[in-house]
Amino acid sequence: SAVISQKPSRDICQRGTSLTIQCQVDSQVTMMFWYRQQPGQSLTLIATANQGSEATYESGFVIDKFPISRPNLTFSTLTVSNMSPEDSSIYLCSGGTDLYGYTFGSGTRLTVV
Amino acid sequence: AQSVTQLDSQVPVFEEAPVELRCNYSSSVSVYLFWYVQYPNQGLQLLLKYLSGSTLVKGINGFEAEFNKSQTSFHLRKPSVHISDTAEYFCAVIYLGANSGYALNFGKGTSLLVTP
């Protein structure tokens, strides 16, 4: 299975600023996803990161707020823009080459003050 | 709407006792089914998966799960738990359909607490 390195692992940010989260995969994967996990909650899919094209966003998530890049098959970024305290959450990336189970990064714990 | 339901938000159990964590999904389309575990302050780790074939699947750490198509369930079991099994367990489903995408859809999670 692919190994995903995610950084930063945590950050405390001022409201109104932006944070970019990076995920690096140790092998090429066809599919990558970004999730949000609010404290004590399940994982909510933000978007599917498409290589070389615009990400596919789920209902309730928009590109202006969560721009995503995926320049190749091993790397993706998620930016949380114009942050507010409601954006405080854990953000996780996930990826895989087939449907046999995806691996996850270790997550980014974001606190907005 | 497609959904994944984990019926128990918390399951307390004594060490060496058996445990079952329940998961139901709602869909008439074909599915792939997964259980993930999340230890405190860590990412998610795949426990086991059902793709096809035998409905009883075995995973890591002594866990197993059984796919029941008629009941649209995929319950996770372990015959004897350890303190180290204390964690959050997530059931997840990939719905196989024309417009479903291939992302995991997660249940709300079950917190397993094993005590001596």
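Residues numbered from 1 in each chain as written. Chains lettered and ligands numbered in written order. Predicted model: local features only at pLDDT ≥ 70, side-chain atom pairs only at ≥ 80, totals over all residues. Heavy atoms only, no water.

### Examining the nonpolar core
Residues B:Leu33, B:Trp35, B:Leu47, B:Leu48, B:Phe74, B:Leu76 and B:Tyr89 are the most contacted members of the largest nonpolar core, which totals 29 residues. Of all elements in the fold, only β2 (10-14), β3 (19-21), β5 (30-38), β6 (44-50), β8 (64-68), β9 (73-78), β10 (87-96) and β12 (110-115) of chain B reach the threshold of two or more residues within this core. If one sorts the elements of this core by residue count, β10(B) sits on top with five residues. Listed in part, the 25 residues of the second largest apolar core include A:Cys13, A:Trp34, A:Ala49 and A:Ala55. (Core = buried A, V, L, I, M, F, W, Y, C linked by side-chain atoms within 4.5 Å. Buried < 20%, exposed > 50% of the residue type's maximum accessible area, 1.4 Å probe, protein only. Helix = DSSP H or I, 4+ residues; strand = E, 2+ residues; numbered from the N terminus.)

### Brief notes about the state of the cysteines
Simply put, disulfide is the name for a covalent bond between the sulfur atoms of two cysteines. Throughout the structure, instances matching the rule amount to two disulfides over all chains. Disulfide pairing is shown between B:Cys23 and B:Cys91; the S-S distance is 1.9 Å. In this structure, the disulfide formed by B:Cys23 and B:Cys91 twists by about -65° around the S-S bond and is classed as left-handed. Pair noted here: B:Cys23 is in the loop between β3 and β4 (24-26) and B:Cys91 is in strand β10, with a separation of 68 residues, a long-range link. The pair formed by B:Cys23 and B:Cys91 is uniform in burial state, with each residue classed as buried. Take A:Cys13: it sits in no disulfide, and the sulfur closest to it among the cysteines is that of A:Cys23, at 16 Å. (Disulfide = S-S within 2.5 Å.)

### With respect to the interface of chain A and chain B
Contacts between the two partners involve 17 residues from chain A and, on the opposite side, 20 residues from chain B. Buried surface at the junction of chain A and chain B, summed over both partners, amounts to about 1500 Å²; 63% is from carbon and sulfur atoms. Linking chain A with chain B are zero salt bridges, by the criterion used here. Where chain A meets chain B, there are five residue pairs in polar contact (both at pLDDT 80 or more). Of the residues forming the side of chain A that touches chain B, the biggest block, four residues, is contributed by strand β4 (residues 31-37) of chain A. Along the lines of polarity and charge, the residues of the side of chain A that touches chain B split into ten nonpolar, six polar and one charged. (Contact = heavy atoms within 4.5 Å. Buried area = accessible area lost by both parts, 1.4 Å probe. Salt bridge = Lys/Arg side-chain N within 4 Å of Asp/Glu carboxyl O. Polar contact = N/O pair within 3.5 Å; in protein donor to acceptor, adjacent residues only side chain to side chain. Nonpolar A, V, L, I, M, F, W, Y, C, P; charged D, E, K, R; others polar.)

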